[in-house]
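Residue-level structure breakdown
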Amino acid sequence: MNEHRSETHDQAGTAAPRGEQAPAEAAAPADTDAKLAELEDRWLRAVAELDNLRKRIARDAERIRAEERSKVTAEWLPILDNLELALNHAVRDDGGADAVLEGVRAVRDQAVTLLNKLGYPRHDETGVPFDPARHEAVTTVERADADPGTVVEVLRPGYGDDERQLRPAIVAVAKKEE
């Protein structure tokens, strides 16, 4: 009589009766569960570390922005002080209008120097070719003494260069005489 018995084979090829597992197979699910638990724990720790890193970077970036904002603001305080001095001289009206005008020019020069120091040089040149990256033309004028396409008047100076441009210069450009 042929009996059909269900058998499992271990790695060595020996048969074990159905219902009994080979020792390697019995250990495999427990070992897999332990590895899975370890990997899950490591993953959760990595996620937590990443979250902490994001928070720390955000705090550091905000702290650096606040420090830089304070530094720049502190650089502007002498300019504000000098403007207040000029206003005080103008209020006295003791005939020192020329002194007030001179003081305001000095304060303007001080502000331009600070912007240059911060990396935003002033652009108020005339006689240069119009450059749409640095200039914004608001008008054209006929000028016999200037080549067409040349900046003939700066209505508002520009500050900065290339990708660090605060604003372009507002200019009048020469055109051909008709």
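As a convention, each chain's residues are numbered from 1 in the sequence order in which they are written. A pLDDT threshold of at least 70 governs which residues receive local features in this predicted model, and a stricter bar of 80 or more applies before side-chain atom pairs are shown or counted, although totals over entire chains, interfaces and linings include all residues. Hydrogens and waters are ignored; side-chain quantities use all the structure's heavy atoms.

Let's talk about the overall build of the protein chain
- Here a strand is any run of E in DSSP of at least two residues, a helix any run of H or I of at least four, and the numbering for each starts at the N terminus. On a plain count of helices and strands, the protein chain comes out with two helices and eight strands.
- Each helix (α) and strand (β) of the protein chain, taken in turn from the N terminus, gives the series β-β-α-α-β-β-β-β-β-β.
- Within the protein chain, buried positions represent 15% of all 178 residues.
- Contacts: residue pairs with any heavy atoms within 4.5 Å of one another. Across the protein chain, every contact between residues at least 6 apart in sequence was considered, and the portion connecting residues at least 24 apart equals 56%. Burial here depends on accessible area, computed with a 1.4 Å probe over protein chains only, as a share of the maximum for the residue type. Under 20% is buried, over 50% is exposed, and the range in between is partly exposed.

Overview of the packing of aromatic side chains
- Note on ring pairs: Phe, Tyr and Trp rings are taken, using the six-membered ring of Trp, and paired if centres are within 6.5 Å. Classes follow the plane angle, with under 30 degrees stacked, over 60 edge-to-face and the rest tilted. In this structure the tally under the stated criterion is zero aromatic pairs.
- The criterion for a charge sitting over a ring is simple: Lys NZ or Arg CZ within 6 Å of the ring centre, and within 35 degrees of the ring normal. Positioned above the aromatic ring of Y120, the side-chain terminus of R164 is 4.9 Å from the ring centre.

A few points about the sheet that holds strand β4 (residues 135-142)
- If you trace the three strands from one edge of the open sheet to the other, you get β4-β8-β5, paired in mixed fashion. Either end of the sheet is taken by a strand with one partner, and the two such strands are β4 and β5 (151-156). Along the sheet, successive strands turn relative to each other by an average axial angle of 30 degrees, direction set aside.
- Pairing between two strands requires that DSSP report at least two bridges joining them. Of the pairings in the sheet, the one linking β5 to strand β8 (residues 169-175) comprises four bridges and is antiparallel in character. Residue pairing in the sheet places E153 in a bridge with A172 of β8. For helices, the fitted line uses only the C-alpha atoms of the stretch in contact; every axis is such a line through C-alpha atoms, and the angle between N-to-C directions lies from 0 to 180 degrees.

Considering the environment of H89
- Position of H89 among the secondary structure elements: in helix α1 (residues 23-92).
- Of the residues examined, H89 reaches a relative accessible area of 39% and is grouped as partly exposed.
- Through-space distance from the C-alpha of H89 to that of V100 is 6.3 Å; in sequence the pair is eleven residues apart.

Remarks on the sheet that holds strand β3 (residues 122-123)
- Pairing is antiparallel across the open sheet formed by three strands, whose spatial order is β3-β6-β7. Of all strands in the sheet, those bounded by a partner on one side alone are β3 and β7 (164-167).
- The pairing of strand β6 (residues 158-161) with β7 spans three bridges and is antiparallel. Among the inter-strand pairings, Y159 is bridged to a residue of β7, identified as R167.

Focus on the confidence of the model for the protein chain
- The pLDDT score gives, residue by residue, the confidence of the prediction method on a 0 to 100 scale. Per-residue pLDDT for the protein chain averages 84, and the proportion of residues at 70 or more is 83%.
- Within the model, pLDDT remains below 50 along residues 1-9, and this stretch shows eleven contacts once partners closer than five positions in the same chain are excluded.

Some remarks on a nonpolar patch on the surface
- Only residues whose relative accessible area exceeds 30% and that form no salt bridge enter a patch; like-charged residues are grouped when within 9 Å of one another, and nonpolar side chains (Val, Leu, Ile, Met, Phe, Trp, Tyr) when within 5 Å. Note on areas: Shrake-Rupley with a 1.4 Å probe; residue coverage comes only from the protein chains shown. For this document, the term salt bridge refers to a Lys or Arg side-chain nitrogen within 4 Å of an Asp or Glu carboxyl oxygen. A surface patch of nonpolar side chains, amounting to about 310 Å² of accessible area, comprises W43, L44 and V47.
- Assignment of secondary structure puts L44 in helix α1.
- Overall, the relative accessible area of 44% leaves L44 in the partly exposed class.

Here's the deal with the pattern of salt bridges
- Summed over all chains, the structure comprises twelve salt bridges.
- Between R63 and E67 there is a salt bridge, with its nearest N and O atoms 3.2 Å apart. Residue R63 and its partner E67 are located together in helix α1, separated by four residues, close to a single helical turn.
- What makes E67 partly exposed here is its relative accessible area of 39%.
- Of the charged contacts in the structure, one is a salt bridge between D109 and R108, with a shortest N-O distance of 3.2 Å.
- Each of E62, R65 and R69 takes part in one network of salt bridges that share partners.

Looking at the side chain of H135
- Summarising the element assignment, H135 is placed in strand β4.
- By relative accessible area, which is 5% here, H135 ends up buried.
- Filtering out sequence-adjacent residues up to four positions away, H135 remains in contact with V128, P129, F130, V151, P168, A169 and V171.

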